[in-house]
Amino acid sequence: MQPSAFVLFGGTGDLAKRKIFPALYNLFLDGKLPERFAIVALGRKPFNDELFRQHVKESLGRFSRREGANAAAMAEFAACIQYHAMDAGDPQGYERLRSLLEQREEELGLTGNRLFYLSVAPEHFGPIAARIRQSGLADGGGWTRLVIEKPFGHDLASARALSAALHVSFPPEDVYYIDHYLGKPMVQNLQSLIASNPVLKAVLNNRYVANVQITASETVGVEERAGYYDRAGALRDMFQNHMLQLLMMIARRAEGYDKRQVMESVYPVNRDEAANHVVRAQYTAGSVAGRTVPGYLQEPGVDPGSATDTYFAARLMLDDPIWRGVPFYIRTGKRMKEKATKIVVVFKNPLESRLPEAPARNYLIVNIQPNPSLDFRLNLSGLDGELQPLSLQPANRGEEEPEAYELLLRDALLGDPTFFAKWEEIELSWKWVQPILDAFANRLAPLHTYPAGSNGPAAADHLLAEDGHVWFETA
Ligand code: BG6
């Protein structure tokens, strides 16, 4: 791997602590960082290098997937990190950062390859990118890449404004838009799963598939993020990005067919029809894993009159020869019964209508989390003659399973954009979502409720029942 410097804006933030440093540390332990490598963390707090390294080591102890602290390895890793206190709004700070970086590069024999990771509030993306460019920080003599995290805009117009602001300073191919769902190993597996298994490839089409269900349910509520979440809701927070990326990944089964083409083929839903194709809902008080929890409107920091969706479900249809006529049902919600992300392909059962005793349907269940695995339900009769599901499960890799951020950070350092969201996909996703946001803003779609700890509102069951389908539930 090429020698490089990793410059982290937002170095004292929550994401850095929980995800970015632990991911870099795990890469370090696995020998997957460049041999010559520097980390420069930026933040406003007045740490010195020693104090900051101490703070990082504490985060590693708490958040690294590896159990048992390895003090020597942590100390060796922390020694790569320098901390630089800087206000990202102050142009002079960038001059000082440039000298610091040049000095560090010289000490370590780096060649000017620089990755800037902006783990900051989205309103700072454009201004920081511009200052990196103006200060000459992007001209280190090697490659320069910019990595950013969602939210990529609040709606279609603001997303376009964001990309325009970024692309003034950085060519689109140097901007890496992280969607951490694309870093989940089972999501990354989807393509090879289909491409390398003719038995699956042959049946994933409208001749054999009745419908496809994509679910990401969470048991957590709004946590300490009410300020952000109450303005976002499930549609913006999960659906526009993660869920539509999962749709693009599973539906692009034909060779030479890319994710952008999948998104382009989704039939648009206009504002006035939105209520026929989507369901939005909010959780009320209930019980999750035996614990009584308050409703969304009672959560600290939430506006008691809020109409924000904590659950969103939709039916999407694709204008595509392979998938025409197959509904893709997508749902995501907070405070549901289980924490699980999965894609369920429900196969048609041609015998069902003619034969009451027909065998159970076949399902292909891709469990993305927890416990990434594949469950292919075929019918096999056991000794008692009862049909039993056959399940295929890869060995559990436990703490050896890399985390999304590890795979993504390594790809960004290698310059491999495969598992990053492309700007065109992001824009197309917002285009699909925008009329629905408009419908919500104009109260053209009812806001349903569901008790915390349930599988969501009854209205979402009706959405499938209209087509003669039901949600596949495992919990
Ligand atoms: C984030 C959302 O993008 O994804 C959170 O902002 C959500 O609200 C999280 O909890 C879920 O991620 P994961 O990896 O735990 O499924």
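Residues numbered from 1 in each chain as written. Predicted model: local features only at pLDDT ≥ 70, side-chain atom pairs only at ≥ 80, totals over all residues. Heavy atoms only, no water.

Quick reminder of the rule: UniProt positions are given in the numbering used here, feature names are shortened, and annotations may be inferred rather than shown by experiment.
Named according to an unreviewed UniProt entry, the chain is Glucose-6-phosphate 1-dehydrogenase originating from Cohnella xylanilytica. What the UniProt record of the chain gives under Catalytic activity (unreviewed entry) is the line "D-glucose 6-phosphate + NADP(+) = 6-phospho-D-glucono-1,5-lactone + NADPH + H(+)". Turning to the chain, the UniProt record has this under Function (unreviewed entry): "Catalyzes the oxidation of glucose 6-phosphate to 6-phosphogluconolactone."

### Quick notes on the overall build of the chain
The following threshold applies: Here a strand is any run of E in DSSP of at least two residues, a helix any run of H or I of at least four, and the numbering for each starts at the N terminus. C-alpha atoms define the radius of gyration, and 2.2 Å times the number of residues to the power 0.38 defines the globule rule. Residue exposure (1.4 Å probe, protein chains only): buried if accessible area is under 20% of the type maximum, exposed if over 50%, otherwise partly exposed.
Summing up its helical and strand segments, the chain has 14 helices and 18 strands in all. Its C-alpha radius of gyration of 24 Å places the chain within 12% of the 23 Å reference for a compact globule of 475 residues. In terms of its C-alpha atoms, the chain occupies a principal-axis envelope of roughly 75 × 55 × 45 Å. The burial tally for the chain puts 53% of its 475 residues in the buried class.

### Re helix H3 (residues 71-78)
As a reminder of what qualifies: Directions pointing from the helix axis toward each C-beta atom define the arc. Between two residues, a contact is recorded if the distance between any of their heavy atoms is within 4.5 Å.
Regarding H3, the residues found buried are Ala73, Met74, Phe77 and Ala78. Viewed end-on, H3 has its buried residues packed into an arc of 130 degrees, placing them on one side of the element. Of the residues in H3, the exposed ones pointing more than 90 degrees away from the buried face are Ala71, Ala72 and Glu76. Next to the buried residues of H3 lie helix H1 (14-29), strand E2 (37-43), helix H2 (49-63) and strand E3 (81-85).

### Things to note about the site of the ligand
Rules: Proximity is defined per residue: any heavy atom of the residue falling within 4 Å of a molecule or strand makes that residue near it. Definition of a polar contact: a pair of N or O atoms within 3.5 Å, with one able to donate and the other able to accept a hydrogen when the atoms are protein atoms, and with sequence-neighbouring residues admitted only if both atoms are side-chain atoms. Computed by Shrake-Rupley with a 1.4 Å probe, the accessible areas treat only the displayed protein chains as cover when residues are assessed. All amino acids are sorted into three groups, where Ala, Val, Leu, Ile, Met, Phe, Trp, Tyr, Cys and Pro are nonpolar, Asp, Glu, Lys and Arg are charged, and the leftover types, Gly among them, are polar.
The ligand sits among Lys150, His180, Tyr181, Lys184, Glu218, Arg225, Asp237, Met238, His242, Lys334, Lys339 and Gln369. A distance of 2.8 Å is found between an oxygen atom of the ligand and a side-chain nitrogen or oxygen belonging to histidine 180. Within the contact set of the ligand, an oxygen atom lies 2.7 Å away from a side-chain nitrogen or oxygen of glutamine 369. Within the complex, the protein chains bury 80% of what would otherwise be the 400 Å² of accessible surface of the ligand. A total of three residues in the shell around the ligand trace back to one element, the largest contributor, which is helix H9 (residues 226-251). Each residue belonging to the shell around the ligand can be placed in one class, and the counts come to two nonpolar, three polar and seven charged.

### Comments concerning the pairing of strand E15 (residues 373-377)
Here is the rule: When DSSP locates at least two bridges between a pair of strands, those strands are taken to pair.
In terms of residue burial, E15 counts as a mostly covered element, since four of its five residues are buried. In this sheet, E15 lies alongside strand E14 (residues 363-369) in antiparallel orientation, the contact comprising five bridges. Residue pairing for E15: asparagine 367 is matched across the bridge by serine 373. Remark: three residues form the turn of the hairpin made by E14 and E15, two consecutive strands paired antiparallel; asparagine 371 in that turn has positive phi of roughly 50 degrees.

### Quick look at the sheet that holds strand E8 (residues 278-284)
Worth spelling out the cut-off: Orientation is described by lines fitted to C-alpha atoms, with helices fitted over the stretch in contact, and by angles between N-to-C directions that extend from 0 to 180 degrees.
Strand order in the open sheet made by the eight strands is E15-E14-E13-E7-E12-E11-E8-E18, with mixed pairing throughout. Two strands in the sheet have a free side with no partner beyond their single neighbour: E15 and strand E18 (447-451). With direction set aside, neighbouring strand axes in the sheet form an average angle of 15 degrees. Both strand E13 (residues 340-347) and E14 contribute to a ladder of six bridges, which runs antiparallel. Bridge pairing in E14 places valine 344 opposite isoleucine 365.

### Things to note about the pattern of salt bridges
Quick note on the threshold: Definition used for salt bridges: Asp or Glu carboxyl oxygen within 4 Å of a side-chain nitrogen of Lys or Arg.
Going through the model one piece at a time under the given rule, you end up with 27 salt bridges. One salt bridge connects arginine 65 with aspartate 30, and the closest N-O pair in it is separated by 3.5 Å. Of this pair, arginine 65 sits in the loop between H2 and H3 while aspartate 30 sits in the loop between H1 and E2, and the two are 35 residues apart along the sequence.

### Quick look at the packing of aromatic side chains
What counts here: Ring geometry is summarised as follows: Phe, Tyr and Trp rings, the Trp one being its six-membered ring, pair when their centres sit within 6.5 Å, and such pairs are stacked at plane angles under 30 degrees, edge-to-face over 60 and tilted between the two. Any Lys NZ or Arg CZ that is within 6 Å of a ring centre and within 35 degrees of that ring's normal is treated as a charge sitting over the ring.
Tallying each qualifying case throughout the model produces 23 aromatic pairs. Aromatic pair tyrosine 229 and tyrosine 296: ring centres 6.3 Å apart, planes at 65 degrees, arrangement edge-to-face. Note that tyrosine 229 is positioned in helix H9 and tyrosine 296 in the loop between strand E10 (291-293) and strand E11 (311-316), a separation of 67 residues in sequence. Take tyrosine 229 and tyrosine 296: they sit in the same class, and that class is buried. Ring centres 4.7 Å apart and planes at 65 degrees place the aromatic pair phenylalanine 239 and phenylalanine 312 in the edge-to-face group. With phenylalanine 239 in helix H9 and phenylalanine 312 in strand E11, this pair connects stretches of sequence that are 73 residues apart. Above the ring of phenylalanine 170, the side-chain terminus of arginine 133 is found at 5.0 Å from the ring centroid. The ring of tryptophan 471 has arginine 331 lying over it, and the distance from NZ or CZ to the ring centre is 3.9 Å.

### Thoughts on the nonpolar core
In a soluble, globular protein the nonpolar side chains are often hidden away together inside. Defined as follows: Only buried Ala, Val, Leu, Ile, Met, Phe, Trp, Tyr and Cys residues count toward a nonpolar core, and they belong to the same one when joined by side-chain atoms within 4.5 Å.
By size, the foremost hydrophobic cluster in this structure holds 142 residues, and its most contacted members are Phe6, Phe9, Phe21, Ile132 and Phe239. Ranked by residue count, the leading element in this core is H9, at 14 residues. In terms of nonpolar packing, the next biggest core, distinct from the first, is built from five residues, Val344, Val346, Tyr363 and Ile365 among them.

### Let's talk about the environment of proline 46
Among the secondary structure elements, proline 46 is positioned in the loop between E2 and H2. Exposure remark for proline 46: the relative accessible area of 78% places this residue in the exposed category. When the C-alpha positions of proline 46 and alanine 85 are compared, they lie 5.9 Å apart, and in sequence the two are 39 residues distant.

### A word on the packing of helix H6 (residues 156-169) against helix H13 (residues 423-441)
As a reminder, the rule being used: Roughly parallel here means an angle under 35 degrees, roughly antiparallel means over 145, roughly perpendicular means 65 to 115, and every remaining angle is called oblique. Should the near helix be turned anticlockwise from the far one by less than a right angle, the crossing is left-handed, and should it be turned clockwise, the crossing is right-handed.
Packing of H6 against H13 leaves a shortest axis separation of 9 Å and a crossing angle of 165 degrees. Classed by the angle they form, the pair H6 and H13 counts as roughly antiparallel. By crossing handedness, the relation of H6 to H13 is classed as left-handed. Along its contact with H6, which presents Leu156, Ala159, Arg160, Ser163 and His167, the element H13 presents Trp423, Glu427, Trp430, Lys431 and Gln434. Partitioning the contact of H6 with H13 into residue classes produces four nonpolar, three polar and three charged.

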